[in-house]
Amino acid sequence: MTGEGMEPLVFDVDQSEFETRVLERSRETPVVVDFWAPWCGPCRVLGPVLERVTEEYGGKLLLAKVNVDENQELAGGFGIQGIPAVKVFKDGALATEFTGALPEPAVREVLAQVVPSREDELALEADGLWSAGDADKASEIYQHILEESPQHPGALLGLGRGLLDTDPERGLAILERVPLGGPERNEADRLIARHNLSAGDGADVESLQRELAAAPDRIDLRFRLAQALAAEERYEAALEEYLAVLKQDRAFEDDGARKAMVQIFEVLGRSELADRFRSEMAKVLFS
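Residues numbered from 1 in each chain as written. Predicted model: local features only at pLDDT ≥ 70, side-chain atom pairs only at ≥ 80, totals over all residues. Heavy atoms only, no water.

## Notes on helix α13 (residues 252-268)
Two residues of an α-helix separated by three or four positions point the same way, owing to the 3.6 residues in each turn. Along its 17 residues, α13 runs 24 Å from first to last C-alpha, staying within 8% of the 24 Å computed at 1.5 Å per residue. Largest kink in α13: about 30°, centred on K259. Of the residues making up α13, those classed as buried are F252, D255, G256, A257, A260, M261, I264, F265 and V267. Lining the buried residues of α13 we find α9 (183-198), α11 (219-231), α12 (235-248) and α14 (272-286). The first or second residue beyond α13 is G269, which carries a positive phi of 65°. (Helix = DSSP H or I, 4+ residues; strand = E, 2+ residues; numbered from the N terminus. Expected span 1.5 Å × (residues − 1). Bend = angle between axes of the 7 residues up to and from the residue. Buried < 20%, exposed > 50% of the residue type's maximum accessible area, 1.4 Å probe, protein only. Contact = heavy atoms within 4.5 Å.)

The following block contains the structure:
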């Protein structure tokens, strides 16, 4: 299938073209590479499935076919030991792969991992609207996606994020529904942690600092100060105070200092600050 002036969706490729027609092209459109041979019975079963699914995607996916008999060096470079072998490239790198003539539903499931669905595209559109300040329109799109796909991670994340300011209880409940194991879940966990940390008791940082200076052994004041600092997103100072609480009494407020530090680490992600205080916390906990 092709149009005038357009690259075909399904094409043969050899070693001399692999860099440009597969790796470079995959930076724009995912490319499925089917390593096959004319004498291979399972290849003749899988090939038409791959071609049919590729054409159904209407240009969102390309299929490159590599005859291993004619391209033994290329096949060897990719460690092909049995055929059919399928490797999917996206953004210039291997995204996923499988070996053998999988049934069509399984093939579709694999390819769905690398090709945005209609719901994925709508979620990206809604993300753009939300970033541009049109939260109402973004929420409408997120809700529309969830009517069709109730567990769509991007829509759950977007809708939950948008509700945190106006309806935090509902927003948190939606964020908790984001499926585990993906980047959306990581972001949902950060948003949940940030929200929980912001829920201080409204105490004034400067007032608490003055009180603590007059009574430095009062662990309750130090804990409240840490909470107030965290609510203002002054995370380094908050971690210092939580660590001091931890050193004084780990069990205070039901292990509250350690739990709060873990939440701050969630918000910070991988960073020098988080790594430093993880190390300090471990010294206290395991000394």
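## Observations regarding the environment of V32
The residue V32 is located in strand β2 (residues 31-36) in this model. With sequence-adjacent residues up to four places away left out, V32 is seen in contact with L50, L61, L62, L63, A64, V86, K87, V88 and L111.

## A word on the state of the cysteines
According to the stated counting rule, one finds one disulfide in the structure shown. The partner cysteine of C40 in its disulfide is C43, sulfur to sulfur 2.4 Å. Between C40 and C43 the disulfide shows an S-S torsion of about 80°. By sign, it is right-handed. With relative accessibility at 5%, the residue C43 sits in the buried group. (Disulfide = S-S within 2.5 Å.)

## A look at the pattern of salt bridges
Tallied over the entire structure, the rule returns 27 salt bridges. Connected via shared salt-bridge partners are R52, E56, E104 and R108. (Salt bridge = Lys/Arg side-chain N within 4 Å of Asp/Glu carboxyl O.)

## Points about the layout of surface pockets
Space inside the largest pocket adds up to approximately 310 Å³. Around the largest pocket, the lining comprises 15 residues; the ones closest to its centre are R161, G162, L163, L164 and D165. Looking at the lining of the largest pocket, the elements with two or more residues in it are α6 (135-148), α7 (153-163) and α9. Sort the elements by how many residues they give to the lining of the largest pocket and α9 lands first, with four residues. For the lining of the largest pocket, the residue count by class is five nonpolar, five polar and five charged. Looking at the second largest pocket, its volume works out to about 220 Å³. Forming the walls of the second largest pocket are D120, A123, L124, D127, H152, P153, G154, L157, R161 and E184. Listed by contribution, the elements that provide at least two residues to the lining of the second largest pocket are α5 (118-131) and α7. (1 Å grid on protein atoms, 1.4 Å probe; cavity = no way out; pocket = protein on both sides within 12 Å on 5 of 7 lines; lining within 4 Å. Points joined across faces, edges and corners; volume = space filled by probe spheres on them. Nonpolar A, V, L, I, M, F, W, Y, C, P; charged D, E, K, R; others polar.)

## Concerning the packing of aromatic side chains
Per the counting criterion, the structure on display carries six aromatic pairs. Ring centres of F18 and F78 lie 5.2 Å apart, and the angle between their planes is 50°; on these two criteria the pair is classed as tilted. On the criterion of sequence distance, the pair formed by F18 in helix α1 (residues 15-24) and F78 in the loop between α3 (72-77) and β4 (85-90) is long-range, its members being 60 residues apart. Residue F78 is classed as partly exposed on the basis of its relative accessible area of 28%. Taking 5.9 Å as the distance between ring centres and 50° as the angle between the ring planes, the aromatic pair formed by F35 and F78 counts as tilted. In this pair, F35 sits in strand β2 while F78 sits in the loop between α3 and β4, placing the two residues 43 residues apart along the sequence. (Phe/Tyr/Trp six-rings, centres within 6.5 Å; stacked < 30°, edge-to-face > 60°.)

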